[in-house]
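# Examining the three-dimensional arrangement
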Amino acid sequence: MPTTDTILELEDVKTHFPVERGFIFRRRVGTVKAVDGVSLTLRKGEVLGLVGESGCGKSTLARTIMHLVPVTGGRVRLDGKNLADSSSDEMSAVRLRLQLVFQDPYASLNPRMNVHDAIAEPMIVHKVVPKDRITARVAEIMTLVGLAPRFMKKYPHEFSGGQRQRIAIARALALEPEVIIADEPVSALDVSIQAQILNLLASLTRKMGLSLIFIAHDLSVVKHISDRVAVMYLGKIVELGPAVDVIERPKHPYTRALVSAIPVPDPDIERSRKRIVLPGDPPSPLNPPAGCAFHPRCPFVQERCKAAVPPLVATGPGREAACVRLDEI
Amino acid sequence: MPLLNVTDLRTYFHTRNGVVRAVDGVSFTVEKGETLGIVGESGSGKSVTCYSMMGLIPTPPGRIESGSAVFDGVDLLNCSNRECRAIRGKRIAMIFQDPMTSLNPYLRISEQVVEPLVIHDGISGKEARKRAIAALEEVGINDAASRLDHYPHEFSGGMRQRVMIAMALITQPELLIADEPTTALDVTVQAQILELIKRIQQTHHMAVIFITHDLGVVSGLCDRVQVMYAGRIVETGDTRELFKNPRHPYTRALQKSIPSMQPKGQSLYTITGMPPDMSRPMPGCAFAPRCEFAVERCRNEVPALAEMAHGHSTSCLRVQSGEL
């Protein structure tokens, strides 16, 4: 169960990438605002779902939290301590507590390392387990993620996608982190395998008291696993709140369209319901529209939507949305 | 008479690790103007079935071992190249999962969209260009006349899939095979493409075979569904009937493992184990090792599809004998 203690806090986090031209005289011709002012809190033991379409900045946000890409603005605090102030030694200690699981288990595991070495590597790097205990610890973690320890000497290519994702999760768990950020961990998997990995993540968070940031583009998956959900559009959070509440009663026009776009696996409902089909594609973060970034695709757009960026405002218990017309639509 | 009648199609791949039975005795029909959904997980043989009909199986290692696919009196699997060419790409068109890799990055859209017209109908020049503009406008590309001279990389994923659809439709095919056309797209774009396919299917009165792993996509689009597992059809029926009353344990399990169908907080329903290794011979039902209802008989006897109710067939031995 989530408690009220905040473990991770983001305050107005920005990740801007310069776009440069020229070989000798490099000049800046633009900025990609991949993450543009995100404030979020993650409580101990909480599962926070982060949804959005490709290019909305959700993966960049994950990498920003891990400080794998430079933070260009704002603060990321772990247990109240701003990570930007940390020395490199302190940062390495922070990485013990924060771990990342990637989307594609075919690309994120070294094909020339067997399972034992892959899971042992973080323990050796961070010197958290005495050398003679490592193999026993690897076996323990493998059992925890549902892999038989006898497969320890096998290589990634000998496993299926779902099993590889278990290895990737085992690797993240090796350091007993407090926060795991899972970046689309089930998108590359088949439906029946997806459910196995989701169950594993859910049971691990409960058993180990982990906090999880679960990034996905599939709202039904997010609804199932998350306590709270944040919806991102073009580098900003447009809606935030308890998962079931947000997905069953979305307020922001973008969230509404996103929910409505999910096909319902029931022919009677699917054929009778009215689907909101958004026109066009998400805009480029290099050249975002003025005002609310969603306005060119929004069915409720007005003149004032184009004028100023709407702030996130409270709309109900634990809920926030960034739209100026919330009361009218 | 059905538009397409596939009987006992078997496509095997002869690899160093043994014979992979990718499609192992598949029979089905597609009527004129009908939308058939083929659902299955990766490796179930849903794409290979359609690739076999279109002559897209790399040979070797692949080989069509037996079967026929009769389209309007012509067997696509045993006909002269000339006869085949008159059908494939003209009367049967196909769109693929990844619109980036199925368009040629070196050629302008104009050259690619008119290619079927040049090859099949001998139309080129101004007339072809006019038809291409009309085709792009029909799939919802604004400013088609100038977009026609762009290269594929200048289009977004959803737009590229629209271009693919325009290209497929330009020869007015009677059957469109769509191989997971929305899997690589974002949900809001997926919704656009699904609406587009639905609209075009109705206006052209065209038959569609829609291959997908997503039961949700099928439910709104298809008249009939067939579920494949390990190279065989395990269940087929009218969409509404199949969703309301799934009979095969695999179909039931697939439906139960959709996250949105399950109460929050509980563990998701999972199908234990993994899809079978198709290079090993399967003496019984391929799903038996993962099936919670399997009995001794299921492991020894290869089940055949049998009709249980009007148009609703299943290949489960225990359902057929009335035990489930």
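Calculation notes
Residues numbered from 1 in each chain as written. Chains lettered and ligands numbered in written order. Predicted model: local features only at pLDDT ≥ 70, side-chain atom pairs only at ≥ 80, totals over all residues. Helix = DSSP H or I, 4+ residues; strand = E, 2+ residues; numbered from the N terminus. Rg over C-alpha atoms; globule rule 2.2 N^0.38 Å. Buried ≥ 20, exposed ≤ 12 C-beta atoms within 10 Å, placed from the backbone. Contact = placed C-beta atoms within 7 Å. Expected span 1.5 Å × (residues − 1). Axes fitted to C-alpha atoms, helices over the stretch in contact; angles between N-to-C directions. Parallel < 35°, antiparallel > 145°, perpendicular 65-115°, else oblique. Left-handed = near helix turned anticlockwise from the far one by under 90°. Nonpolar A, V, L, I, M, F, W, Y, C, P; charged D, E, K, R; others polar. Pairing = 2+ DSSP bridges. pLDDT = per-residue confidence, 0-100. Right-handed = clockwise from strand over helix to strand, strands pointing away. Core = buried A, V, L, I, M, F, W, Y, C linked by C-beta atoms within 7 Å.

### Things to note about the overall build of chain B
Of regular secondary structure, chain B possesses 12 helices and 12 strands. Relative to its length of 324 residues, chain B is compact, with a C-alpha radius of gyration of 21 Å against a globular reference of 20 Å. The principal-axis extent of the C-alpha atoms belonging to chain B is close to 65 × 50 × 40 Å. Here chain B holds 324 residues, and the buried ones make up 48% of them. In chain B, of all internal contacts separated by at least 6 residues, the share reaching a separation of at least 24 is 63%.

### Digging into the overall build of chain A
On a plain count of helices and strands, chain A comes out with 10 helices and 12 strands. For chain A, whose C-alpha radius of gyration is 21 Å, the value lies close to the compact-globule estimate of 20 Å for 329 residues. The dimensions of chain A, computed from C-alpha atoms along their principal axes, are 70 × 60 × 45 Å. In chain A, the share of contacts with a sequence separation of at least 24, taken over all contacts with a separation of at least 6, comes to 64%.

### What to know about helix α6 (residues 191-208) of chain A
When the terminal C-alpha atoms of α6(A) are compared, their 26 Å separation across 18 residues agrees well with the 26 Å that a helix rising 1.5 Å per residue should span. The set of residues buried in α6(A) consists of A:V191, A:S192, A:I193, A:Q194, A:A195, A:Q196, A:I197, A:L198, A:L200, A:L201, A:A202 and A:T205. If you follow the buried residues of α6(A), they end up packed against β3 (47-51), α5 (161-173), β7 (179-183), β8 (211-216) and α7 (219-225) of chain A together with α10 (249-256) of chain B. Count one or two residues on from α6(A) and you reach A:G209, which has phi positive near 65°.

### Looking at the packing of helix α6 (residues 157-169) of chain B against helix α7 (residues 187-204) of chain B
Residues and elements named next belong to chain B. α7 packs onto α6 with a crossing angle of 15° between their chain directions and a minimal axis gap of 10 Å. Taken together, the axis directions place α6 and α7 in an arrangement best described as roughly parallel. Crossing of α6 against α7: the hand is right-handed. Touching G157, G158, Q161, R162, I165 and L169 of α6 are V189, Q192, I193, L196 and I200, all from α7. Of the residues that constitute the contact of α6 with α7, the class distribution is 6 nonpolar, 4 polar and 1 charged.

### Quick notes on helix α1 (residues 58-65) of chain A
Residues lying three or four places apart along an α-helix face the same way, a consequence of the helix completing one turn every 3.6 residues. Residue and element names in this part refer to chain A. Of all 8 residues that make up α1, 7 are buried, and the element is covered over most of its length. All of the buried residues in α1 are K58, S59, T60, L61, A62, T64 and I65. Positive phi shows up at H67, right after α1, with a value of about 60°.

### Remarks on the sheet that holds strand β4 (residues 62-71) of chain B
Residue and element names in this part refer to chain B. Ordered in space as β2-β1-β4-β5, the 4 strands form an open sheet in which the pairing is antiparallel. Whereas interior strands pair on both sides, the edge strands pair on one side only; in this sheet they are β2 (18-30) and β5 (74-75). The sheet contact formed by strand β1 (residues 4-15) and β2 spans 10 bridges and is antiparallel. Bridge assignment links Y12 to a residue of β2, and that residue is R21. Running at roughly 75° to β2, helix α1 (residues 46-54) makes contact with β1, β2 and β4 of the sheet.

### So, the sheet that holds strand β2 (residues 27-43) of chain A
Paired through their backbone hydrogen bonds, the strands of a sheet run either parallel or antiparallel. All names here are of chain A. Taking strand neighbours across the sheet as the criterion, the 4 strands line up as β2-β1-β4-β5 in an open arrangement whose pairing is antiparallel. The open sheet is flanked by β2 and β5 (81-82), the only strands paired with a single partner. Strand direction decides the pairing type here: strand β4 (residues 73-78) and β5, joined by 2 bridges, are antiparallel. Looking at β5, one finds that L78 is bridged to K81. α1 rests against β1 (6-21), β2 and β4 of the sheet, and its axis sits at about 75° to β2.

### Observations concerning the interface of chain A and chain B
With 32 residues of chain A at the contact, the number on the chain B side is 37 residues. Broken down by secondary-structure element, the contributors of at least two residues to the side of chain A that touches chain B are α6, α7, α9 (253-261) and α10 (267-272) of chain A. Ranked by the residues each element gives to the side of chain A that touches chain B, the list is headed by α6(A), at 6 residues. A per-class count over the side of chain A that touches chain B returns 15 nonpolar, 8 polar and 9 charged.

### Description of the confidence of the model for chain B
For chain B, the mean per-residue pLDDT works out to 88, and 100% of the residues sit at or above 70. At the level of chain-chain contacts, confidence expressed as ipTM amounts to 0.79, with global pTM at 0.85.

### Quick word on the environment of A:P105
All names here are of chain A. Locating P105 in the fold gives a position in the loop between β6 (98-101) and α3 (115-126). Under the C-beta neighbour-count criterion, P105 is labelled buried, with 24 such atoms within 10 Å. Through-space distance from the C-alpha of P105 to that of A188 is 8.2 Å; in sequence the pair is 83 residues apart. Discounting residues that sit within four places of it in the chain, P105 has contacts with G161, R164, Q165, A168 and A188.

### Comments concerning the pairing of strand β7 (residues 175-179) of chain B
All names here are of chain B. Counting buried positions along β7 gives 5 out of 5 residues, so the element sits mostly inside the fold. Neither face of β7 is open: one carries L175, I177 and D179, the other L176 and A178, and all of them are buried. Looking at chain direction, strand β6 (residues 92-95) and β7 are connected through 4 bridges and run parallel. Bridge pairing in β7 links I95 to A178. The sheet contact formed by β7 and strand β8 (residues 207-212) spans 5 bridges and is parallel. Paired with L175 across the bridge in β8 is A207. This β-α-β element, β7 to α7 to β8, shows right-handed connectivity.

### With respect to the nonpolar core
A:A170, A:F214, A:V231, B:V113, B:A166 and B:I209 are the most contacted members of the largest nonpolar core, which has 184 residues in total. Every residue in contact with B:V113, bar those within four places of it in the chain, is listed here: B:A132, B:A135, B:L136, B:V163, B:A166, B:M167 and B:I170.

### Considerations on the environment of A:P288
Residues and elements named next belong to chain A. Tracing the sequence through the fold places P288 in the loop between α10 and β11 (313-316). A count of 18 C-beta atoms within 10 Å places P288 in the partly exposed class. Distance from P288 to G316, taken between C-alpha atoms, is 29 Å for residues 28 residues apart in sequence. Apart from residues lying up to four places away in sequence, P288 is in contact with K33, L234, P283 and A293.

### A closer look at the packing of α3(A) against α5(A)
All names here are of chain A. Where α3 meets α5, the closest approach of the two axes is 7 Å, and the angle between their N-to-C directions is 30°. Here α3 lies roughly parallel to α5, going by the angle between them. The element α3 and its partner α5 pack so that their crossing is right-handed. Residue-level inspection shows V115, A118, I119 and P122 of α3 in contact with α5, the latter providing I167, A170 and R171. The residue makeup of the contact of α3 with α5, split by class, is 6 nonpolar, no polar and 1 charged.

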